Amino acid sequence: MPNHKLSVSPPPVHRHPLFFRALLRHWGIRHLLMGDPVQLKDEGNKHFQAGEIDKAIDCYTKAIQVCKDKKVLAVIHRNRSACYLKKESYANAAADASKAIDVDAADIKALYRRCQALEKLGKLDMAFKDVQRCATIEPKNKTFLETLRRLGAEIQAKLKTTFSTDSRVQNMFDILLDEEMDKDKKEKAANNLIVLSREEAGAERIFQNNGVTLLLTMIETGKPEMILAAVRTLSGMCTGHKARAMAIVNMVGIDKMCSIMAIDNEEIALAACNLFQCINDSLTGGDKREYGKEEAMVLDASKDLKTILLSLLEMVASKKVSGHGRDQALNLLSKNVPRKDKKEPDHSRTLFTIDHGLKKILKVCGQISELPDQLPLTENTQLIASVLLNKLYDDLKCDPERDNFRDICNDYIKSKIDPNDMDKTIHAINTISGLLQGPFEVGNALIGHQGIMEMMVALCSSEREVDQMVAVEALIHSSTKMSRASFIITNGVSLLKDIYKKTKNEKIKIRSLVGLCKLGSAGGDDYSLRQFAEGSTEKLAKQCRKWLCNPQIDTKTRNWAIEGLAYLTNDADVKDDFVEDEPAMKAMFELAKSKDKTILYAVACTLVNCTNSYEKKDIIPELVQLAKFSKQHVPEQHPKDKKDFIDRRVKRLLKAGVISALAVMVKADSSILTDQTKEMLSRVFLALSDDPKDRGIIVAQGGGKALIPLALEGTEAGKVKACHTIAKIASISNPEIAFPGERVYEVVRPLVNLLHTDREGMQNYEALRGLTNLAGFSEKLRVKIVKENAIPDIENYMFEEHDQIRQAATECVCNLVTCKEVQDRYLEDGNDRLKLLVLLCGEDEEKLQIAAAGALAMLTAAQKKLSTKLTQVTTQWMEILQRLCLHDNPWIQHRGLVVVYNMLNSDDRELAKKLIESELLEILSVIGKAEDNPKRQGSIDTARECLVKAMDLGLIKPFSSPS
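- The name an unreviewed UniProt entry gives the chain is Protein unc-45 homolog B, with Xyrichtys novacula as the organism.

Following this line, the structure appears as structure tokens:
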């Protein structure tokens, strides 16, 4: 460090000499730590010129902290403003430029930078004033004049649009609120208003033009189509804008929004739910815009969020709320209360919901539609409530929190059990059923309490149909996890058999049969652990199929038949019989498409069993022998669970229309479509796509687009399997047909996810093939692959020892090299990318050579510098090039000759001379003189072009015969 002059008063003479050294050392270090602002500024400038923007900002920030000179400080602020422009942090860029302008109002650089930042922030009027001052200072500066002209035009266009938009908005409201207006015009105006609200400028114009009040007037009409249009418009206005969302919440009122969602209209309830979700997203981080100084004006949203949560909890148990409204309230709680990531520390929303709403959710679970004075419900309400209970319980962190949850449930059940009031008692039993379908261990613990199981057994023999139904359903749910249901396994079969034989009621009969099915499937697919006698499970399944195909029976009862098959199809004979029964399969698929989504899990289970796509443990022969020797149980595979039987079942399912059913199931409400169900659907899709010949059917029936949400959400195993299926389809299908519209761009990320080294080799291979196909389709897709940071992973697989994976990676790179970003990677120094491509051209595998030589040909054509670089990466380049040009395969030979032509055309005369002085001249002459041949015409023409180029360069002369 240079010595600095220190403005320190001289110390008293009597001080020890060491004192001076210590004092100087102290001041020197302090000065060093604080830094010299000019030096820090210069260092920042160097970083900026090198493109190291973050480091430049760091230097300028440190310089600002220590700088005392106003003029230097203004320069540093101006420079940091340039950095923020590069980082697209426009609010910060404008603020820094303003600080420089405060010191020097004629600082032309600061003025222009603030103009650029303000333009990006949408403040065109202010940007125009700044560039106007710039043009006044330097009237001949073309950049300033062009910006002035452009901004002037944009402001005029904006004013024109604003006035036209304002008049359009008013016109739309006039049409919608005119009682005598034609219905078609009203519908068109409503749709236009919704579309306008989804654009930032349009949403702002509606808001500024008294739009919220007019939308409330539309809602007050009470007409469903008007309410729907108003709510959807409000959703568009609230999306991604915190300040506007808060204003709308206060103008409309949370109670009003809840009353709209409570209406008995599925579409309106769903639209109101979406409005709440848009508000929640905007208030909790969905608004990504930079407010700058205006941030202070945006109020704290925590109070509104708490009010919304309490209002939703009130809706859950309110009799005034419709079944559809209750479903959506539960859905909103399920989506927004539990943490999305268990690593997040804050789970206060969950604890608040348990304290203020757990009993309300339990009340919903206990409702029995057959009894009077019950809450309005849909077919799905109680399952959504069970899913919510499960999510809340899973979100708890410690035992005291779980104990509190269990205690609240226990107190609620105790308060409902009354021997003198059977209606209250079966409400308690039904609540336990809801817990058994959600947090099983909580429900299972309650069943274990004294008197509960005995009461369930007693209810089974009640004379009332509703008592029997509730008790049998509770027995079925309590046997979900066999290892924890010893009482049921011990006593359940005889009890359920007795009910099945004695009852004449079909509803009770089918439920008791499902209980028997469930207990009978305890051995899973282990052939040696069959619970019933030979042929009994087939009889039970036959009865289930009979009920399933009977349209006279109510839907809920038919759904129970599918529940039975979900368990019975663990047996290979049953699943084989089921796929042979086409009417039964079609009946199941139709039920899967119906509004009642409680059956999704059972349908998914049945399909997983039929396709044998469940998780299988690898059986190690040595361990089997050891188990036999020690007389331990050894699982046995049923003969009908072998591959040829599975393949036949898959073909039958495809023929019956399983894909269209799966596509509808995937679109189900997110709360009912649990992560476990998604994983099972992914497993089924993967099994169905195993044969390449069947993938066309999957695409034709909408399977391609149905797979994308499964690949992005759910369990890790489920997402991987969905990604693998997408890779299988993408590798052999036309992407435009398989994934129509913008969906094709959503396919890239699932494929890139399969490139991780912890994935299986087959998954890597098919992902690479899928990406190769996409990369060959359009430049936009190639850019998308690059943006997903897939290139490093693809390049790594070019080093793979497995021949097919290495070939697939090289083919993928070959299709990507037309992308400028990929070419830049090959131009960079300090890596072996180009060397690897050259060496792969020298491999023996022809498909690998075609891909590597193709990539090399395109790279050298696009970037002339690479022709010279190619000769520097390996000494074998000439030998490899000659081998390519002499290859028997015309595809390889042609690519090699194109590389030679590109090298001759590279503006490097020394390189061209070296090529012509080598044996390549003879090779080119032989190929060029050959007779025209359709099979090798490409090679012959390219060789001739090489010779012509060499003549143009004066490296060879045309042969002239003597006169």
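So much for the structure itself; the text now carries on.
## Looking at the overall build of the chain
- Per the secondary structure count, the chain includes 54 helices and zero strands.
- For the chain, restricting intrachain contacts to residue pairs at least 6 apart in sequence, the fraction spanning at least 24 positions comes to 68%.

## A word on the packing of aromatic side chains
- Within the structure shown, the criterion is met by two aromatic pairs.
- Ring geometry for Tyr112 and Phe144: centres 5.2 Å apart, planes at 50°, overall tilted. Of this pair, Tyr112 sits in helix H6 (residues 108–120) while Phe144 sits in helix H8 (residues 142–176), placing them 32 residues apart in sequence. Each of the two residues, Tyr112 as well as Phe144, counts as buried.

## Observations regarding a positive patch on the surface
- Where like charges cluster on the molecular surface, the positive patch consists of Lys335, Lys340, Arg349 and Lys391.
- Considering the arrangement of structural elements, one finds Arg349 in helix H18 (residues 348–365).
- On the basis of relative accessible area, Arg349 is assigned to the partly exposed category, the value being 38%.

## Let's talk about the packing of helix H35 (residues 675–688) against helix H38 (residues 716–732)
- Running from N to C, H35 and H38 point in directions that differ by 30°, and their axes come no closer than 8 Å. Comparing their axes, H38 and H35 come out roughly parallel. H35 and H38 meet at a crossing whose hand is left-handed. Contacts between H35 and H38 involve Glu679, Ser682, Arg683, Phe685 and Leu686 on the former and, on the latter, Ala717, Gly718, Lys721, Ala722, His724, Thr725 and Lys728.
- When the residues that make up the contact of H35 with H38 are grouped by side-chain class, the tally is four nonpolar, four polar and four charged.

## A word on the side chain of Ser89
- Tracing the backbone through its elements, the reader meets Ser89 in the loop between helix H4 (70–86) and helix H5 (90–103).
- Among the residues examined, Ser89 registers a relative accessible area of 14% and is labelled buried.
- Polar contacts involving the side chain of Ser89 include one to the side chain of Asn92, which spans 2.9 Å.

## Description of empty space enclosed by the protein
- What the rule picks out here adds up to three cavities of 30 Å³ or more.
- Size it by volume and the second largest cavity reaches roughly 40 Å³.
- What lines the second largest cavity is Val838, Leu856, Leu870, Trp877, Ile880, Leu881, Leu884 and Val899.
- Examining the composition of the lining of the second largest cavity, we find that four residues originate from one element, helix H50 (residues 877–885), more than from any other.
- Of the residues belonging to the lining of the second largest cavity, the class tally is eight nonpolar, no polar and no charged.

## Quick look at the nonpolar core
- The biggest cluster of nonpolar side chains holds 254 residues, and the ones touching the most others in it are Phe405, Leu548, Leu662 and Ile794.
- In contact with Leu548, not counting residues within four places along its chain, are Arg558, Ala561, Ile562, Leu565, Phe578, Ala584, Ala587, Met588 and Leu591.
- Counting residues in each nonpolar core, the second largest holds 34 residues, with Leu40, Tyr60, Cys67 and Ala110 among its members.

## Looking at the UniProt feature "repeat: TPR" (unreviewed entry) in the chain
- Per the UniProt entry, the sites bearing "repeat: TPR" (unreviewed entry) are residues 37–70 in this numbering.
- Taken as a whole, residues 37–70 contains 82% helix and 0% strand, while its terminal C-alpha atoms sit 12 Å from one another.

## Here we look at the packing of helix H48 (residues 846–862) against helix H49 (residues 865–873)
- Between H48 and H49, whose axes approach to 6 Å, the crossing angle comes to 130°. Looking at the two axes, H48 sits oblique to H49. Of H49, the residues touching H48 (which contributes Leu856, Leu859 and Thr860) are Leu866, Ser867 and Leu870.

## A look at the environment of Thr674
- Position of Thr674 relative to the elements: it lies in the loop between helix H34 (658–666) and H35.
- Remark: the alpha-carbon pair of Thr674 and Val387, spanning 287 residues in sequence, is separated by 7.9 Å.
- Here the side chain of Thr674 touches Thr677 through a polar contact of 2.9 Å, side chain to side chain.

## Quick look at the pattern of salt bridges
- Under the counting rule described, the total for this entry stands at 55 salt bridges.
- The closest approach of N and O atoms between Lys41 and Asp42, which form a salt bridge, is 3.5 Å.
- Given a relative accessible area of 16%, Lys41 falls into the buried group.
- Owing to a relative accessible area of 34%, Asp42 belongs among the partly exposed residues under this scheme.
- Across the salt bridge formed by Lys256 and Glu220, the nearest N and O atoms sit 2.7 Å from each other. Here the residue Lys256 occupies a position in helix H14 (residues 254–261), and Glu220 occupies one in helix H11 (residues 211–220), the gap between them amounting to 36 residues.
- Take Glu220: its relative accessible area is 54%, and that puts it in the exposed class.
- Where salt bridges share partners, they join Glu716, Lys719, Asp758 and Arg759 into one cluster.

## Let's talk about the environment of Asp341
- Structurally, the position occupied by Asp341 is in the loop between helix H17 (323–336) and H18.
- Each C-alpha atom of the pair Asp341 and Asp395 lies 9.5 Å from the other, and the pair is 54 residues apart in sequence.

The rules behind these values
- Residues numbered from 1 in each chain as written.
- Predicted model: local features only at pLDDT ≥ 70, side-chain atom pairs only at ≥ 80, totals over all residues.
- Heavy atoms only, no water.
- Helix = DSSP H or I, 4+ residues; strand = E, 2+ residues; numbered from the N terminus.
- Contact = heavy atoms within 4.5 Å.
- Phe/Tyr/Trp six-rings, centres within 6.5 Å; stacked < 30°, edge-to-face > 60°.
- Buried < 20%, exposed > 50% of the residue type's maximum accessible area, 1.4 Å probe, protein only.
- Patch = residues over 30% accessible without salt bridge, like charges linked within 9 Å, V, L, I, M, F, W, Y side chains within 5 Å.
- Areas by Shrake-Rupley, 256 points an atom, 1.4 Å probe, with all protein chains shown as cover.
- Salt bridge = Lys/Arg side-chain N within 4 Å of Asp/Glu carboxyl O.
- Lys, Arg positive; Asp, Glu negative; His and termini not counted.
- Charge placed at Lys NZ, Arg CZ, Asp CG, Glu CD.
- Axes fitted to C-alpha atoms, helices over the stretch in contact; angles between N-to-C directions.
- Parallel < 35°, antiparallel > 145°, perpendicular 65-115°, else oblique.
- Left-handed = near helix turned anticlockwise from the far one by under 90°.
- Nonpolar A, V, L, I, M, F, W, Y, C, P; charged D, E, K, R; others polar.
- Polar contact = N/O pair within 3.5 Å; in protein donor to acceptor, adjacent residues only side chain to side chain.
- 1 Å grid on protein atoms, 1.4 Å probe; cavity = no way out; pocket = protein on both sides within 12 Å on 5 of 7 lines; lining within 4 Å.
- Points joined across faces, edges and corners; volume = space filled by probe spheres on them.
- Core = buried A, V, L, I, M, F, W, Y, C linked by side-chain atoms within 4.5 Å.
- UniProt positions renumbered as here; feature names shortened; annotations may be inferred.

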